[in-house]
Amino acid sequence: YYFNQISCWDAARCAVVAEGGGAARILITSDGGLNWRQTLEASGSLMAIQAMQGVSGGEGWAGGGELGFPTFTGHYWHTTDYGQTWHLHELEGAYAFDLSFSPGQNAVGYSTVLTPATSRLARYD
């Protein structure tokens, strides 16, 4: 695997997005990185992950997608249990590169995306 980004809810609980072997993966730790467990394997790639600090319940987002010409499909994976389970939200015509939420806020988030013609900013709310 090669790793694209890591984000932590606290000193013990973190999640990392990785790619390799023809799949995208999310791995989590609950012991400060001593042990890691894969909780997602999906098609495409994952470029970014954001653990929502200051938000109850262990919420987080991971983003990436599938690049196919002439269409792209953004994959946004959402968790509310510190990465134990993930639920897919797709965004047609965009491929996610990065995610950003203000600390303690989960109502509005941003993602830089690549479209077939340009790069843009996507907003979640």
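Residues numbered from 1 in each chain as written. Predicted model: local features only at pLDDT ≥ 70, side-chain atom pairs only at ≥ 80, totals over all residues. Heavy atoms only, no water.

Caption draft 1: Local environment of the overall build of the chain. Helix and strand content of the chain: 0 helices and 11 strands. Along its sequence from the N terminus, the chain presents helices and strands in the succession β-β-β-β-β-β-β-β-β-β-β. By the burial criterion, 43% of the 125 residues in the chain qualify as buried. Put simply, of all contacts in the chain between residues at least 6 apart along the chain, 33% involve residues at least 24 apart. With an accessible surface of roughly 6,500 Å², the chain has 53% of that area assigned to carbon and sulfur atoms. The distance from the centre of the 5 positive side-chain charges to the centre of the 11 negative ones in the chain is 3 Å. (Helix = DSSP H or I, 4+ residues; strand = E, 2+ residues; numbered from the N terminus. Buried < 20%, exposed > 50% of the residue type's maximum accessible area, 1.4 Å probe, protein only. Contact = heavy atoms within 4.5 Å. Areas by Shrake-Rupley, 256 points an atom, 1.4 Å probe, with all protein chains shown as cover. Lys, Arg positive; Asp, Glu negative; His and termini not counted. Charge placed at Lys NZ, Arg CZ, Asp CG, Glu CD.)

Caption draft 2: Inspection of the side chain of H78 at higher detail. Take H78: it is sitting in strand β7 (residues 72-79). Of the residues examined, H78 reaches a relative accessible area of 15% and is grouped as buried. At 2.7 Å, the side chain of H78 forms a polar contact with the side chain of E59. For H78, the residues in contact, after removing those within four places along its chain, are E59, G60, W61, T85, W86, H87 and H89. (Polar contact = N/O pair within 3.5 Å; in protein donor to acceptor, adjacent residues only side chain to side chain.)

Caption draft 3: Spatial organisation of unusual backbone geometry. Here Y82, not a glycine, exhibits a phi torsion of approximately 60°, which is positive. Position of Y82 relative to the elements: it lies in the loop between β7 and β8 (87-92).

Everything listed is a geometric property; what it means functionally is a separate question.
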